[in-house]
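A structural walkthrough
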Amino acid sequence: MAEAAEAAPFTVRGFHNDLVHDIAFDFYGKRLATCSSDHSVKVWDIQPDGTWLLSGEMKAHRGSVWKVTWAHPEFGQVLATCSFDHTVIIFEEKVAGGKTGVWEKRAELPDSRAAVTDVKFAPRHLGLKLAACSEDYMVRTYEAMDIMNLSSWPQLEDFKVQGKGKCTCLSWSPSRLHAPTIAVGCGGTEQGANNVQVWVLEESRRWAIALETLGDFMDPVRDVVFAPNMGRSFHNLAAASSDKTVRVWRLTPEASQGPRQKLTSEELLRANDHGDQVWRVSWNVTGTVLASSGEDGSVRLWKATHLGHWECVSVIKGELPPH
């Protein structure tokens, strides 16, 4: 068992007035976006002394903002958010007179009939696209028709997840070697509702399920994320769940026997070291180290040994504020 390391948390002043649901670093790790139940999204820039300065604030949603995500910087400074108010909103930073920090609402995507629980931009080789999942069991994809004018985001292909679980989270595979692939985490109170499903975009431009009911979770899946591919012939996929587990699978494409791509799965890790709900998982840039964060107030780092066994190699504990 790895020993716990004490981490010195940085303090961000002028924070939100309610629960913070998500944070996201930009591509370079020098900007931070946060979203909250106070209906706002805030952007912070790191300063030379290591402190974080509030540089932008947006308040366009009419409900709690669940997730925030950055587009790749080759498309500019672009954010997408999703909310309890059934919408996805696209923001773009306007640069005027050499000054940044002026964020403008470019588009609102109101297609969902229920709360939108996650939104993610596609990997940059697919263009400026995004996917959003919602509690109406649907995953919808969109594309900016003109990256110089982000007011138009026509809806592309969509699909309805199988089973009785509502969509809770999603992740695009970053692989250039495989067809566009999305993993969707699901959750619900009925038996069999808590699982991960993997969908692949076929040549016919329709999404088809390549792997269903991945994982026998006891509670909803809270996060799911593909590892950076780095030329691998397979996918590594991690998930976090309220059932206190962190899981990792290897997904390998089967030899094609027809028009539909299928995947086989091998579970590499199933651990409940957090001892409480696990909320987020995140990979390093090479896809070799996984970080998980849980209700126990710790971040745990996982890595495969030379024999292929995954184990916890470090535990980071910050100072939890008093309740």
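Heads up: these notes are all about the structure in this document. (Residues numbered from 1 in each chain as written. Predicted model: local features only at pLDDT ≥ 70, side-chain atom pairs only at ≥ 80, totals over all residues. Heavy atoms only, no water.)

1. What to know about the overall build of the protein
Looking only at helices and strands, one finds zero helices and 25 strands in the protein. What you see for the protein is a C-alpha radius of gyration of 19 Å, in line with the 20 Å of a compact globule of 323 residues. With the C-alpha coordinates of the protein rotated into their principal frame, the extents come out at 55 × 50 × 40 Å. In the protein, buried positions account for 49% of the 323 residues. In the protein, the proportion of contacts linking residues at least 24 apart, taken out of those at least 6 apart, comes to 45%. Averaged over its 34 positive side-chain charges, the protein has a centre that lies 3 Å from the centre of its 40 negative ones. (Helix = DSSP H or I, 4+ residues; strand = E, 2+ residues; numbered from the N terminus. Rg over C-alpha atoms; globule rule 2.2 N^0.38 Å. Buried < 20%, exposed > 50% of the residue type's maximum accessible area, 1.4 Å probe, protein only. Contact = heavy atoms within 4.5 Å. Lys, Arg positive; Asp, Glu negative; His and termini not counted. Charge placed at Lys NZ, Arg CZ, Asp CG, Glu CD.)

2. As for the pairing of strand E4 (residues 41-46)
With five of its six residues buried, E4 lies for the most part within the structure. The pairing of strand E3 (residues 31-36) with E4 spans five bridges and is classified as antiparallel. Residue pairing for E4: Cys35 is matched across the bridge by Val41. With antiparallel pairing between neighbouring strands as the criterion, E3 and E4 make up a hairpin whose turn holds four residues, including His39 at a positive phi of roughly 75°. The pairing of E4 with strand E5 (residues 52-58) spans six bridges and is antiparallel. Its bridge partner lying in E5, Val43 is registered against Gly56. (Pairing = 2+ DSSP bridges.)

3. Side note on the nonpolar core
Core analysis: the largest hydrophobic core is formed by 19 residues, its most contacted members being Val88, Ile90, Val119, Phe121, Leu128, Leu130 and Trp153. Contributions of two or more residues to this core are made by strand E7 (78-83), strand E8 (88-96), strand E9 (99-109), strand E10 (116-121) and strand E11 (129-134). Residues within four places of Trp153 in sequence aside, it is in contact with Ile90, Ala107, Leu109, Phe121, Leu128, Leu130, Tyr142, Glu143 and Ala144. (Core = buried A, V, L, I, M, F, W, Y, C linked by side-chain atoms within 4.5 Å.)

4. Overview of the sheet that holds strand E6 (residues 65-70)
Read from one edge of the open sheet, four strands run E6-E7-E8-E9, paired in antiparallel fashion. Each having just a single partner strand, E6 and E9 make up the two edges of the open sheet. Adjacent strand axes in the sheet meet at a mean angle of 25°, parallel and antiparallel pairs treated alike. Looking at chain direction, E7 and E8 are connected through five bridges and run antiparallel. By the bridge assignment, Cys82 is partnered in E8 with Val88. (Axes fitted to C-alpha atoms, helices over the stretch in contact; angles between N-to-C directions.)

5. Observations regarding the packing of aromatic side chains
Scanning the entire structure with this criterion turns up eleven aromatic pairs. Ring centres of Trp66 and Phe84 lie 6.4 Å apart, and the angle between their planes is 90°; this geometry places the pair in the edge-to-face category. Taken together, the residues span a long stretch of sequence, with Trp66 in strand E6 and Phe84 in the loop between E7 and E8 at a distance of 18 residues. Given the relative accessible area of 24%, Trp66 is considered partly exposed. Centre to centre, the rings of Trp70 and Trp103 are 6.0 Å apart; their planes meet at 70°, and the pair counts as edge-to-face. Linking Trp70 in strand E6 with Trp103 in strand E9, this pair joins segments that are 33 residues apart in sequence. Grouping aromatic residues by their ring pairs yields a cluster made of Phe159, Trp172, Trp199 and Trp207. Positioned over the ring face of Phe234 is Arg250, at 4.2 Å from the centre of the ring. (Phe/Tyr/Trp six-rings, centres within 6.5 Å; stacked < 30°, edge-to-face > 60°. Lys NZ or Arg CZ within 6 Å of the ring centre and 35° of its normal.)

6. A few points about the environment of His16
Tracing the backbone shows His16 in the loop between strand E1 (4-6) and strand E2 (20-25). Apart from the residues within four sequence positions on either side, His16 is in contact with Thr34, Cys35, Ser36, Asp38, Ser40 and Lys42. Among the polar contacts listed, one links the side chain of His16 to the side chain of Thr34, at a separation of 2.7 Å. In this structure the side chain of His16 is engaged in a polar contact, spanning 3.1 Å, whose partner is the side chain of Asp38. (Polar contact = N/O pair within 3.5 Å; in protein donor to acceptor, adjacent residues only side chain to side chain.)

7. Concerning the pattern of salt bridges
All told, the structure shown has 18 salt bridges when counted by the stated rule. Measuring nitrogen to oxygen at the nearest pair gives 3.3 Å for the salt bridge that ties Glu74 to Arg124. Of this pair, Glu74 sits in the loop between E6 and E7 while Arg124 sits in the loop between E10 and E11, placing them 50 residues apart in sequence. Note that Glu92 and Arg106 form a salt bridge whose closest N and O atoms lie 2.8 Å from each other. Placement of Glu92 in strand E8 and of Arg106 in strand E9 is noted, with a sequence separation of 14 residues between them. (Salt bridge = Lys/Arg side-chain N within 4 Å of Asp/Glu carboxyl O.)

8. Here's the deal with unusual backbone geometry
Phi is positive for His39, which is not a glycine, with a value near 75°. Considering the arrangement of structural elements, one finds His39 in the loop between E3 and E4. You can call His39 partly exposed: its relative accessible area is 28%. Phi angles above zero are rare outside glycine, and Met230 is one such case at about 55°.

9. Notes on the side chain of Ser173
Along the chain, Ser173 falls in the loop between strand E14 (166-172) and strand E15 (181-187). Discounting chain neighbours no more than four positions away, the residues touching Ser173 are Pro123, Thr181, Phe226 and His235.

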